[in-house]
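Each chain, written out:
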Amino acid sequence: MVAYVPVRWVAPVLYGVVLVGGLYSAAAGLGDGPGVVGWRTAGFVGAVGALFGLEAVASRRTGPSRPSPSSRAAVLAARCVLIGAVVVLDSSGLSQVLFVLVPFTAYFAFGRGVALALGALCVAGLLTAYVLTAPGWYREQERVADLLMLSVGLVLAVSMAAVAVGEQRARIEVEAYAARVAELSAATERNRLARDIHDSLGHHLTAMSVQLEMAAEFQSLDPDAARRALEEARGSVRLALADVRQSVRALRDEATRPSLAAALAGLARDGTAARPRVRVEVSGDEGAYGGAELTTLYRAAQEAVTNARRHAEASEVVVVVRLDGGAARLEVIDDGRGFVPDSASGGVGLVGMRERVQLVAGSVDVESGPGAGTRVTVTVPRGTPSDTGGEAVA
């Protein structure tokens, strides 16, 4: 449980004022007790010193965890006893102001209810003392003024404690909120990096795997085809390295504005020696869309083409992008073997695609069936053209 810390300087300041006032009153003979060297003054000084020591001990025991209720109650009881001793031994009468510390410190230790109850007990205690020791006290202006001033002081003390506790509570909540935001930001960044690794490096590694398999199969049957496959594998390696460099530049906020048409053309050229053949059609003005939207479209096309190359056994893939109106529309159509979309909805690639598209308020629709090919449709609303958020497309 959270521990609220009393305002450190309030109690020592009051103790110091009471000590100076009591000593001055005793030295000048203003009170009704003995002088500076008398036992009453010595006891008064000792009781005030004990209060200073109690505050020092209580400050050291305040830590990140809340002290036990018995410990807090013991400190409060000791404070009340010592304040009572100071009031009895003080010859100036100034020490009655220390009663305000009882509800003030109790507010931090036990809350508002206990503080209000103790404040009421302080007023009731002084009133009882007047009734028992000073008949007709209500006709004496000084005693009535002392009672009223104590009441006002108690109200101000409780109010000050409430403000301090509220400020500490707000600071704790802000710190907890900041920690939660940092945690969510880290999780978001981890998810983004996971999507980028899957969409970028995963695509190129898939292409390299297909190309190297072709080179191995045709090494003896068709050396020229094997050589072309190896060249394309090297090209895929270069593209993968370029993607890594681009991602590093994006992390350093050095990304340039993406070119979707050029990136999709490079996607179509990647693996031309292997099936399927990729055909790209792009229409509309890229300048009307921000970097985040264009990157999302490219990554979605990259994932769909990678899936077609890896799983669909398609002979052709058509990538169509329309950048007209208030939304961009991407369609990736292959003539492969198809699948049941519901059974694959949990795949890492489709999940990452949906997460990425949702970040720009878009939608993903997958149409497929056994032997019927696959159509992936991504719709992305137009954002801010000046936004180059995220990594560049290629």
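Definitions and cut-offs
Residues numbered from 1 in each chain as written. Predicted model: local features only at pLDDT ≥ 70, side-chain atom pairs only at ≥ 80, totals over all residues. Heavy atoms only, no water. Helix = DSSP H or I, 4+ residues; strand = E, 2+ residues; numbered from the N terminus. Expected span 1.5 Å × (residues − 1). Buried < 20%, exposed > 50% of the residue type's maximum accessible area, 1.4 Å probe, protein only. Arc of directions from axis to C-beta. Pairing = 2+ DSSP bridges. Right-handed = clockwise from strand over helix to strand, strands pointing away. Phe/Tyr/Trp six-rings, centres within 6.5 Å; stacked < 30°, edge-to-face > 60°.

S.K.: Quick question: what am I supposed to make of helix α3 (residues 69-89) here?
M.R.: Helical geometry: 3.6 residues make up each α-helical turn, so side chains three or four residues apart lie on a common side. For α3, which comprises 21 residues, the first-to-last C-alpha distance of 30 Å matches the rise-based estimate of 30 Å (1.5 Å per residue) to within 8%. Three or more residues of α3 are buried, namely Ser71, Arg72, Val75, Leu76, Arg79, Leu82, Ile83, Val86 and Leu89. On an axial view of α3, the arc spanned by its buried residues comes to 160°, and they lie on one face. Summarising the geometry of α3, the exposed residues directed more than 90 degrees from the buried face are Pro69, Ser70, Val81 and Val88.

S.K.: Whenever I open this one, the pairing of strand β2 (residues 316-323) confuses me. Can you help?
M.R.: Two faces belong to every sheet, and in a regular strand the side chains alternate between them. The buried fraction of β2 amounts to 6 of the 8 residues, a majority that puts the element mostly inside the structure. Relative to β2, strand β1 (residues 277-284) runs parallel, the two being bridged by 8 bridges. Considered in β2, the bridge of Val280 is made with Val319. As for the winding sense of the linkage, the β-α-β connection from β1 through helix α9 (residues 291-312) to β2 is left-handed. The pairing of β2 with strand β3 (residues 327-334) spans 6 bridges and is antiparallel. By the bridge assignment for β3, Val319 is matched with Val332. Counted between consecutive antiparallel strands, the loop separating β2 from β3 contains 3 residues, among which Gly325 sits at a positive phi close to 70°.

S.K.: Would you explain the environment of Arg356 in this entry?
M.R.: Along the chain, Arg356 falls in helix α10 (residues 348-359). Exposure remark for Arg356: the relative accessible area of 8% places this residue in the buried category. For the pair formed by Arg356 and Arg299, sequence separation is 57 residues and the distance between their alpha carbons is 8.5 Å.

S.K.: Where do I start with the packing of aromatic side chains in this structure?
M.R.: We describe a pair of aromatic rings using the distance from one ring centre to the other and the angle between the two ring planes. Overall, the coordinates contain 4 aromatic pairs when judged by the stated rule. Judged by centre distance (5.5 Å) and plane angle (75°), the ring pair of Tyr15 and Phe52 falls under edge-to-face. Within this pair, whereas Tyr15 is found in helix α1 (residues 10-28), its partner Phe52 is found in helix α2 (residues 39-61), the two being separated by 37 residues in sequence. Since its relative accessible area comes to 1%, Tyr15 is described here as buried. For the ring pair Trp137 and Tyr138, a centre distance of 6.0 Å and an interplane angle of 80° mean the geometry is edge-to-face. Judged by its relative accessible area of 13%, Trp137 is buried. In this structure Tyr138 comes out as exposed when scored by relative accessible area, which is 53%. An aromatic cluster is defined as three or more aromatic residues linked by ring pairs; in this entry it consists of Tyr130, Trp137 and Tyr138.

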